[in-house]
Structures are given as C-alpha cells and as structure tokens.
Amino acid sequence: MPTAAAQAPSQASAQKGASLWQDAFRRLRKNRLAMAGLAVVLFIFLACFVLRWILPHDPNEVELGNEFAPPGPTHWLGTDQLGRDLLTRILDGGQISLLVAVAATLLTVTLGILYGGIAGYVGGRLDAIMMRIVDGLLAMPFLIVVILFRELISGWIELASVFLIEDWGWSRDFVLRFSNIFPLLLAIAAFGWLTMARIVRTQTAALVHTEFVEAAHALGLPHRRILFRHILPNMLGPVIIYATLTIPSFILYEATLSFIGLGIEPPNSSWGVLIKEGANYLESNTKMLIIPAFVFSATLFAFNFLGDGLRDALDPKAAKD
Amino acid sequence: MLRTVVQRLLQTIAVVFCLVSFTFFAVRLIPGNPFADEKAIQPHLRERVAEPFGLNESWGKQFVLFWKNVLTEGDFGMSTSLFGRSVNEIMATAFPVSLTLGAGAMLVSLLIGIPSGVVAALRHNRLIDYASMVLAMIGICIPTFVLGPLLQLWVARNLPWINVAGWERPSDIILPSFTLGLVVAAYVARLTRGGMLDVLAQDYIQTARAKGLPAFRIITRHALRPALLPAITYLGPAFAAVITGSFVVETIFAVPGMGQHFVTAVTTKDYFLLQGLVLFYGTLMGGANLLVDIVLAAMNPRLREHA
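Numbering of residues starts from 1 in every chain and runs along the sequence as written. Note on labels: chains are lettered from A, ligands numbered from 1, in written order. Only residues with pLDDT of 70 or above have their local features reported here, since the model is predicted, and side-chain atom pairs are shown and tallied only from 80 upward, although totals for entire chains, interfaces and linings are computed over all residues.

Novice: For the overall build of chain B, give the residues involved together with the corresponding values.
Specialist: A run of DSSP states H or I qualifies as a helix once it reaches four residues; a run of E qualifies as a strand once it reaches two. Both are numbered from the N-terminal end. Counting its secondary structure elements, chain B contains 13 helices and zero strands. When the helices and strands of chain B are listed from N to C terminus, the series reads α-α-α-α-α-α-α-α-α-α-α-α-α. If one aligns the C-alpha atoms of chain B with their principal axes, the spans along those axes are about 85 × 55 × 30 Å. Labels follow a simple rule on C-beta atoms placed from the backbone: if 20 or more others lie within 10 Å of a residue's own, it is buried; if 12 or fewer, it is exposed; otherwise it is partly exposed. Counting all 307 residues of chain B, 39% fall into the buried class.

Novice: Tell me what's going on with the environment of Leu106(A), and back it up with residues and numbers.
Specialist: Residue and element names in this part refer to chain A. By secondary structure assignment, the location of Leu-106 is in helix H5 (residues 86-122). We classify Leu-106 as partly exposed; it has 14 C-beta atoms within 10 Å. When the C-alpha positions of Leu-106 and Asp-167 are compared, they lie 30 Å apart, and in sequence the two are 61 residues distant.

Novice: If you had to explain the confidence of the model for chain A to someone new, which residues and values would you point to?
Specialist: Residue and element names in this part refer to chain A. Confidence of the predictor in every single residue is expressed as pLDDT, which spans 0 to 100. This prediction gives chain A a mean pLDDT of 88; 92% of its residues lie at or above 70. Mean pLDDT in chain A bottoms out at helix H1 (residues 2-7), which sits at 44, and peaks at H5, which reaches 95. Residue pairs are scored as contacts if the distance between their C-beta atoms, which are placed from the backbone, is within 7 Å. Segment residues 1-14: pLDDT under 50, and 14 contacts once partners within four positions in sequence are set aside and those in other chains are kept.

Novice: Explain the environment of Arg169(B) to me, and be specific about the residues and the numbers.
Specialist: Along the polypeptide, Arg169(B) turns up in the loop between helix H6 (144-156) and helix H7 (174-200). Separated by 63 residues in the primary sequence, Arg169(B) and Ile232(B) place their C-alpha atoms 32 Å from one another.

Novice: If you had to explain the interface of chain B and chain A to someone new, which residues and values would you point to?
Specialist: Counting residues at the interface gives 31 residues for chain B, matched by 32 residues for chain A. Its residues placed into classes, the side of chain B that touches chain A shows 25 nonpolar, six polar and no charged. Classification convention: Asp, Glu, Lys, Arg as charged; Ala, Val, Leu, Ile, Met, Phe, Trp, Tyr, Cys, Pro as nonpolar; all other residues, Gly among them, as polar.

Novice: Break down unusual backbone geometry for me, with residues and values.
Specialist: Across the junction of Pro266(A) and Pro267(A), the peptide omega takes the value 10 degrees, indicating a cis bond. If you trace the backbone, Pro267(A) turns up in the loop between helix H11 (223-259) and helix H12 (271-280).

Novice: Report on the nonpolar core, specifying residues and quantitative values.
Specialist: The nonpolar core criterion groups buried Ala, Val, Leu, Ile, Met, Phe, Trp, Tyr and Cys residues into a set whenever they are joined through C-beta atoms within 7 Å. Ile188(A), Ile275(A), Val184(B), Val188(B), Val242(B) and Leu277(B) are the most contacted members of the largest nonpolar core, which has 152 residues in total. Among the elements that line this core, the one with the most residues is helix H13 (residues 287-314) of chain A, at 15 residues. Those residues in contact with Leu277(B) that lie beyond four places of it in its chain are Met258(B), His261(B), Phe262(B) and Ala265(B).

Novice: Talk me through the packing of helix H5 (residues 127-141) of chain B against H7(B); I want residue IDs and the actual numbers.
Specialist: All names here are of chain B. For the pair H5 and H7, interaxial distance at closest approach is 8 Å and the crossing angle is 140 degrees. On the basis of their axis angle, the class for H5 and H7 is oblique. Note on packing geometry: the crossing formed by H5 with H7 is left-handed. Of the residues in H7, those in contact with Ser-132, Ala-136, Gly-139 and Ile-140 of H5 are Leu-182, Val-183, Ala-185, Ala-186, Tyr-187, Ala-189 and Arg-190. Of the residues in the contact of H5 with H7, the class split is eight nonpolar, two polar and one charged. The convention used is that axes are lines fitted to C-alpha atoms, helices contributing only their stretch in contact, and that angles between N-to-C directions extend from 0 to 180 degrees. Our angle categories are set so that under 35 degrees counts as roughly parallel, over 145 as roughly antiparallel, 65 to 115 as roughly perpendicular, and the remainder as oblique. Two helices that cross are described as forming a left-handed crossing if the nearer one is turned anticlockwise from the farther one by less than a right angle, and a right-handed crossing if clockwise.

The following block contains the structure:
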C-alpha cells in the first residue's frame with residue numbers, strides 16, 4: 001500500500017514495524033534512476049530466462065554460409081563467425097553470467113550472515129579471532145586467490161567427472177558444463193563473503209546492545225528466537241543493499257576471468273566469453289564485440305543504479321545531496 | 001606513529017607469508033603436474049624431468065627449501081614452462097614493463113580523476129557535475145576488456161603512430177595505460193568529488209571566503225588537501241586493481257609484462273613462476289597499502305598527533 005503510507009503522517013513509521021519497508025519502497029519509487037535500473041534488470045532477466053527459450057534458434061547451431069550476417073528478420077542481431085544466432089548466444093551466455101553472479105551472491109549472503117552473526121552476537125574473544133581471520137583474508141589480492149582456488153577446485157572436479165558420469169549416471173553434457181561453471185562460482189563466493197560478514201557483524205554487535213534485545217533477553221527468550229525475530233530483520237537493509245551491489249561486481253569478475261581464459265569456457269558461454277570472441281573478430285565484424293559489451297555494461301549500470309537507489313531508500317540518513 | 005608502522009609492517013609480512021604458502025600448497029594440490037602435457041609421460045621419465053626442480057621431495061621439504069632459497073639468496077627457482085629460464089630472470093625482464101604500464105595507468109587515473117572530481121564538486125548539481133559523474137559511472141561499468149578492444153578499433157586504426165598491440169615504441173605505452181587507468185580514474189573522480197563537497201561545507205572555508213581570499217587560492221591551499229584524503233585512501237585498492245587489471249590489459253595489447261606471465265603460469269602449472277609472482281605481487285600490494293597509510297597519517301594532523 002504505497003499510497004496509504006504516503007498519506008500517513010510521519011509518526012506512523014515509529015508505530016508500525018512494516019511501514020519502514022513501505023517508506024523505503026515509496027522513496028525508491030520516487031528515484032527515477034533506481035526504477036530505470038530495476039526495469040532494466042527485470043528486462044534482462046526476462047530476456048535471458050524466457051525470451052531465450054521462445055526464440056527458435058539454438059545458441060550452438062552452426063549455419064555454414066551465413067557467417068557474420070547483419071541484423072535481419074531471422075537473426076535479429078545477426079550471426080557470429082560460425083553463423084550462430086548472436087541474440088540467442090547473448091541471452092544464453094547471460095543465463096550463465098547471471099546464474100553465477102546470483103548464486104555466488106546468495107552463498108555470500110548466507111555465509112556472511114552466519115559468520116558475522118555469530119561473531120557479533122557472541123562477541124568477546126571469539127569475535128576478535130573471527131574478525132582477525134576476516135581481516136587477514138581481506139588483505140589477500142582477490143582476483144589472484146580466486147584464480148588459484150578455482151584452478152584447484154576445477155582440477156578435482158574434472159578428476160571426479162569420470163566417476164560422476166560412469167558411476168552416478170549423470171549426463172555427460174551436464175557434467176562437462178557443471179565442472180566448468182561450479183568451480184568459478186564457488187571460488188568467487190569463497191572469497192567474496194568477507195565484506196558481508198563484516199557488515200553483518202557490525203550490525204549485530206550494535207543491535208545486541210539495544211534496549212529491545214536486552215528486553216528480549218530479560219524475558220528469557222531463546223537465542224534462536226532473538227536472532228531470527230529481533231536481530232536479523234533489523235539488519236536486512238544493509239544486507240540487501242550490499243547484496244545488490246555485489247551482483248554486478250561478481251558479473252564483472254566472472255567476465256574478467258572468462259576473458260583471460262580462466263573462467264567459463266566453451267561449450268558454455270557467458271558474456272565474458274562472447275566479449276572475448278568479439279575482441280578476436282574485431283577486424284572483420286565489430287558488432288560481435290559491441291552488442292554483447294553493450295548488454296553487459298547496461299546490466300552493470302542497472303544493478304549499480306538500483307543498488308545506489310536502495311541505499312538511499314533504506315538508509316536515508318546515509319544518503320547525501 | 002613508529003609503533004603503528006612496525007605493527008602494520010609485521011601484519012603485511014604475515015599476510016604475504018600466508019598468501020605465498022596458500023599458493024605453494026594450492027598449486028601442488030591441483031591434480032596433475034607441470035610436466036603432464038596433452039601427451040602422457042611415463043612416470044619414470046616424469047620423475048627424471050622433475051628431479052632438477054626438487055619436485056620429487058616431500059612437500060614439507062620443498063616448502064622449507066623454497067623459503068630458504070628466497071630468504072637467503074633471493075632465488076625463486078627455475079621456471080618449469082619456459083625451459084632453462086629462472087624465475088628471477090623472467091621477473092627481471094617483465095617487471096620494468098609492468099612497472100611502466102602501472103605507472104602510466106596511475107598517472108592517467110590521477111590526471112583525469114582529480115581535476116574532474118574537483119570541477120564536479122565546484123559546479124555541484126550543475127550540468128558539468130552530472131556529466132562528469134555519468135562519465136565516471138561509464139568508466140566503472142565499461143570494463144578494461146571492452147575498452148581495450150574498442151580503443152584498438154577506434155584509436156589505433158585511425159592514428160598511424162599508434163600500434164594496435166605490442167611493446168616496442170614509446171607510443172605503445174599510451175593505449176594500455178589509458179585502458180588500465182580509466183576505471184581507477186572513475187573511482188578517484190567520485191571520491192575526490194565527495195571529499196571536496198564535504199570540505200567545501202566546512203566553516204573554515206566560509207571563513208576563508210569571508211576574508212576575501214581568491215577562489216583559486218581557497219581551493220588549492222585550503223580545500224584540496226583534506227578533500228584528497230578519500231582518494232588517497234583508495235590508492236591502495238587502486239594499486240591492486242591495476243595489478244590484476246594488467247592480467248587483462250597485457251593480454252589484449254600483447255604487453256610482455258608480469259600479468260601475461262601470471263596467466264600462462266596458471267594454465268601451465270608453473271609452480272615456481274607462480275610462487276615468485278604471487279610473492280612479488282603480495283609484497284607490492286602490502287607495501288603500497290603501508291605507504292598509503294603513512295602518507296595519510298602525515299597528511300592528516302589529527303591522526304599524526306594521536307598516534
């Protein structure tokens with residue numbers, strides 16, 4: 001009910017818990033850049049996960065004699081160096097780019113909430129040790145450790161893939177794709193949760209000393225209930241903001257790694273793979289670089305504007321000018 | 001002050017040690033070995049090939065020997081992928097190249113980032129402010145691997161004195177440095193603008209204005225120094241971004257620097273080259289962060305007195 005919230009006097013937000021979110025939503029709706037960002041994000045998701053299956057082409061279907069076709073009625077964005085439909089390839093690659101980023105972000109959020117929540121709630125020496133570990137890991141150069149860790153996991157998964165196919169009966173195609181995507185996802189998440197843990201820890205540590213949490217303790221509520229009913233809902237704002245800004249950075253990392261050949265590899269494709277191919281055929285066909293790059297950058301833009309808008313909406317105190 | 005520096009120095013050393021140890025064991029835990037090519041090598045032959053590198057020893061022995069050689073002789077071992085070349089030799093030829101590229105990128109980022117941030121703050125909420133912030137956002141959202149090929153296409157094709165790729169003429173430094181520096185410039189511009197806006201709202205700037213000082217003097221003498229603090233804080237991470245960005249940029253522009261060696265060392269499982277490069281990168285990044293902290297403390301009188 002955004003209209004009701006808009007009409008309600010400002011003290012209503014102090015009385016009803018839910019109206020914080022309504023307030024935030026109202027502020028977000030006023031932010032045109034953020035709403036445009038949200039629209040683009042939704043559009044990209046719909047295109048990649050719905051339009052992709054409606055289009056009649058297969059992303060790996062080779063059409064000899066029709067290489068580098070210009071945009072036209074059958075191939076809306078034309079074809080690539082093997083006559084494959086570029087639009088379908090972009091949407092298909094987008095599925096993996098988005099999937100890796102979103103799944104890694106979800107892992108990051110879960111790990112960060114668990115780790116940071118425990119550290120902040122328990123406090124004391126455990127907190128000090130846990131946060132020292134986070135500080136140490138944060139000091140490592142992100143891309144370098146991600147590359148090494150990915151290499152490690154993917155080596156073992158490749159070894160295991162024979163076993164997965166022959167003993168567990170997994171389909172060969174699936175294992176081939178999985179053994180390429182999963183290590184990258186896991187490696188990004190394995191070093192990506194640190195900042196989230198820090199944010200959650202700061203929030204939790206601050207909330208533990210608030211009067212309403214002390215009151216809950218005094219009432220004798222179990223820890224689990226205090227954590228899930230009183231602390232978690234109160235720190236969702238910063239978590240959501242940070243998660244929204246994490247997705248584009250993970251999309252960027254995935255593409256960077258794929259571009260230098262240490263990420264997604266054919267037969268999988270992703271935006272990074274497409275941009276790499278585009279860069280290789282720059283001389284003969286510029287659109288193969290420009291169109292995927294445009295979609296890629298537009299997505300990053302949209303996520304960043306949405307994240308900034310969410311920050312302004314959920315945390316009006318931090319919003320400046 | 002000295003105590004903080006020593007403390008941070010010890011932390012940096014600990015981090016670098018952990019990083020290199022992680023690398024050491026991670027590369028050895030990856031199934032396969034540096035000599036397993038597409039062709040299968042018979043085990044006894046592989047052992048003979050691995051012998052001079054000391055790779056038949058236990059990991060613990062190798063670990064101790066590696067650190068002993070590094071610390072006592074500065075010897076990083078031999079490369080297993082580039083036969084007959086030592087890691088020291090490879091890094092000695094590649095480092096000046098990467099240093100030139102990195103310095104160029106940092107120069108580009110500061111020369112573009114700081115002035116545009118200052119101008120944006122001075123024209124707050126006017127067209128030029130929005131324009132430069134949108135440009136900064138574009139700089140952040142267009143990654144190096146898109147910008148690089150585009151510059152090759154649009155700039156190198158049209159200017160005869162600029163090569164598409166390679167590292168032979170002095171003019172070859174321009175495109176890679178620009179590609180690498182632009183993302184950093186965008187962040188620097190945003191941070192400088194934010195810092196400048198904060199400072200311009202302070203009372204002492206009002207006082208300086210009230211005294212009738214010329215605007216240029218107020219900005220350069222009173223506002224700029226504190227306004228640059230956020231951007232300087234960012235220089236540590238920026239340095240790391242330039243190093244990892246070089247993996248991409250050196251590939252695009254065929255620059256024979258350390259970034260390219262890192263990428264090939266990963267794919268060829270070149271244990272010693274990887275260890276050496278990671279140790280080198282870790283030390284550089286830690287050193288840069290330490291330097292930034294010291295500069296910050298020196299620039300901020302409040303921090304200086306407290307420490």
